[in-house]
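Chain by chain, the residues run as shown.
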Amino acid sequence: MSLTAFGPDFPFAYVDWLTHRNGIGSLPTDQLGTRVAIIGAGAAGIIGAFELMKLGLHPVIYEAGTFGGRLKTQVFDGTDDIIAELGGMRFPLSSEAFFHYVGLVGCESTPFPNPLTDAAGSTVIDLEGETMFARCLDDLPPLYRDVAQAYQAALEQGAGFSQLQEAMRTRDVTRIKELWDPLVAAWDERTFYDFVASSDAFRNLTFRHREVFGQVGFGTGGWDSDFPNSMLEILRVNLCGLDDNQHMITGGVGQVLRRLWKMPAACTHWPAGTTLESLNDGATRSRAVAIARDTGGRLAVTDRWNRTDLYDAVMVTCQSHLLTTSIDTDESLFDQKLWMALDRTRYMQAAKTFVMVDRPFWKDIDPETGRPLMSMTLTDRITRGTYLFDNGPDRPAVICLSYAWMTDALKVLPYGSEKRVELALSALQKIYPTVDIASHIRGNPICVSWESDANFLGAFKGALPGHYRYNRRMFGHFMQDGLQPHQRGLFLAGDSISWTPAWVEGAVQTSLNAVWGILKHLGGQGAAGNPGPGELYPHIGPVSLH
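Calculation notes
- Residues numbered from 1 in each chain as written.
- Predicted model: local features only at pLDDT ≥ 70, side-chain atom pairs only at ≥ 80, totals over all residues.
- Heavy atoms only, no water.
- Helix = DSSP H or I, 4+ residues; strand = E, 2+ residues; numbered from the N terminus.
- Areas by Shrake-Rupley, 256 points an atom, 1.4 Å probe, with all protein chains shown as cover.
- Lys, Arg positive; Asp, Glu negative; His and termini not counted.
- Charge placed at Lys NZ, Arg CZ, Asp CG, Glu CD.
- Buried < 20%, exposed > 50% of the residue type's maximum accessible area, 1.4 Å probe, protein only.
- Pairing = 2+ DSSP bridges.
- Contact = heavy atoms within 4.5 Å.
- Polar contact = N/O pair within 3.5 Å; in protein donor to acceptor, adjacent residues only side chain to side chain.
- Disulfide = S-S within 2.5 Å.
- Axes fitted to C-alpha atoms, helices over the stretch in contact; angles between N-to-C directions.

Enquirer: Help me out: how do you make sense of the overall build of the protein chain in this one?
Expert: If you tally the helices and strands in the protein chain, you get 19 helices and 24 strands. Taken along its principal axes, the extent of the C-alpha atoms in the protein chain is 75 × 55 × 40 Å. Accessible surface for the protein chain amounts to roughly 21300 Å². Of this, 50% is attributable to carbon and sulfur atoms. For the protein chain, the distance from the average site of its 47 positive side-chain charges to the average site of its 61 negative ones is 3 Å.

Structure below.
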């Protein structure tokens, strides 16, 4: 079987559940047509709403900013289809649940031009002023192969990597839990850097090897921004194949959710042709500003224009910090231990700078070197990662001049788009002294800093050592039988509460958990022969740490 994001914390086959011939469940007749609030029109919100619509419910969607959330595709001015992917832009094929919806709406994907891949064509690595050209790992000096081999050896030594990944590949749930659960206790309170530096494989090497690993890393590039994170966070990325075989969505990922919004589905209760768009009268509500419990016990959601509506269930998919900053959330709706988890969520910064250019000029061959003028570039300079997107020989192309995280993202936070382009061009000029990138730029640049957006306050979660217990509280919130009655009916979903932050698969999986939770909360039942995530959670759910 192909490797998918099957666990390791909760090894549940979401796509098998979704596509089962008996469906996922049914509601009592008197609940059909019931309105359910969905806060956030990102991946978790729209996918959750789509599945609730199919069950015969009426999702009412609230959105504070741009439809799509962090699946944000922006078109360059003056064009119809030349795009910048400001949020998610590379999607591992192991993201089985997400690609279920990609296929459902008829979108296609192509390999993403990551470093040292065929899709990139060629890669330039520039560290400490030394510039190296490569088409594959074997073209680089032996030090780079030593680093790659050392990390694989560290994974085997510290995590029994190949055995665990094989158990995930074959979906051997018992074996996955047997191997993974002890790792949770062993590595939750230790950092990614500790894992690397304390391994026998890296102890026998030099600091320079660890430094190169941080700058260039594996798969998509440098990982030093993640060095302070809990090692469990990184193990999940590796085990689930999230940093391998990545694709980009042809025409932009934003269209996946827009197509789902407009897509009729075979629904219980609703007439043929019903869509999320039609149920929402063609547009989402404005941002939610308050969530409370009314005197009759229902959940009251108030929007920006002071319209309050009552619901029996609400799915909240926004970043967790918004529940204490921009949404006035009645404190009694969550247990204080859950509030602790929500408030302690740590978000990582990320910044991107895109420009449109007249053509894919980087493919021109330098007569002196016989190489392309530019390549996908990894560097320790301010740009960190530079990616090249070809739309065809006679069409405008796009360069992501800089994709940076954490401290490198904060370096450009105060600056506007033109200043960011100037800084990036200055850094790239030192790597490509004979290439006049600026002469090819057309139109206005497109930039993003997710941490400065009041609707996000950060790009994605990055759990610190000791955060496993918090994550377990948030992820398992859809299991509400043990909650007080006044805490039921409000369901968390989205990247913020998933086990795999920064990857859309986690948002999809938590959304589907919430769908199951809402189905049960409204008196529904699962389909015969097709147990949902809640039925299996008590048996294969994430291990508890004391």
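Enquirer: Before we go on, may I ask you to explain the pairing of strand β8 (residues 123-127) in this structure?
Expert: If a strand is regular, its side chains alternate between the two faces of the sheet. Within β8, 5 of the 5 residues are buried, leaving the element largely enclosed by the surrounding structure. Burial of β8 is two-sided: the residues T123, I125 and L127 facing one way and the residues V124 and D126 facing the other way are all buried. In this antiparallel pair of consecutive strands, β8 and strand β9 (residues 130-134), the connection spans 2 residues, and E128 shows a positive phi of 50°. Summarising the sheet, β8 and strand β18 (residues 376-379) pair through 4 bridges and their orientation is parallel. Bridged to D126 within β18 is T379.

Enquirer: In this structure, what is going on with the environment of A427? I would like to understand it.
Expert: Locating A427 in the fold gives a position in helix α16 (residues 417-431). Each C-alpha atom, one on A427 and one on V147, is 26 Å from the other, the two residues being 280 residues apart in sequence. With residues up to four places along the chain from it excluded, the contact list for A427 reads R381, I382 and T383.

Enquirer: Help me understand the side chain of S511, please; the structure alone is not making it clear to me.
Expert: Following the sequence through the fold, S511 ends up in helix α18 (residues 504-521). In terms of polar contacts, S511 uses its side chain to reach the backbone carbonyl oxygen of A44, at 2.7 Å. Ignoring any residue separated from it by four or fewer positions in sequence, one finds S511 in contact with A44, I47, G48, M315 and A493.

Enquirer: What should I look at first to understand the state of the cysteines in this one?
Expert: Cysteine pairs can be covalently joined through their sulfur atoms, and such a bond is termed a disulfide. For the coordinates displayed, the defined rule picks out 0 disulfides. Unpaired in this structure, C107 has its nearest cysteine sulfur neighbour in C267, at a distance of 19 Å. With no disulfide partner, C447 has as its closest neighbouring cysteine sulfur the one in C400, 9.4 Å distant. C447 gets classed as partly exposed once you look at its relative accessible area, which sits at 23%.

Enquirer: Explanation requested: the sheet that holds strand β19 (residues 385-389) in the structure shown.
Expert: Picture the strands of a sheet paired through backbone hydrogen bonds; they go either parallel or antiparallel. Ordered in space as β9-β8-β18-β19-β20-β17-β21, the 7 strands form an open sheet in which the pairing is mixed. Each of the sheet's edge strands pairs with one partner strand only, and the pair in question is β9 and β21 (441-449). Averaged over all pairs of adjacent strands, the angle between their axes in this sheet comes to 15°, without regard to strand direction. Here β8 pairs with β9 via 5 bridges, running antiparallel. By the bridge assignment for β9, T123 is matched with A134.

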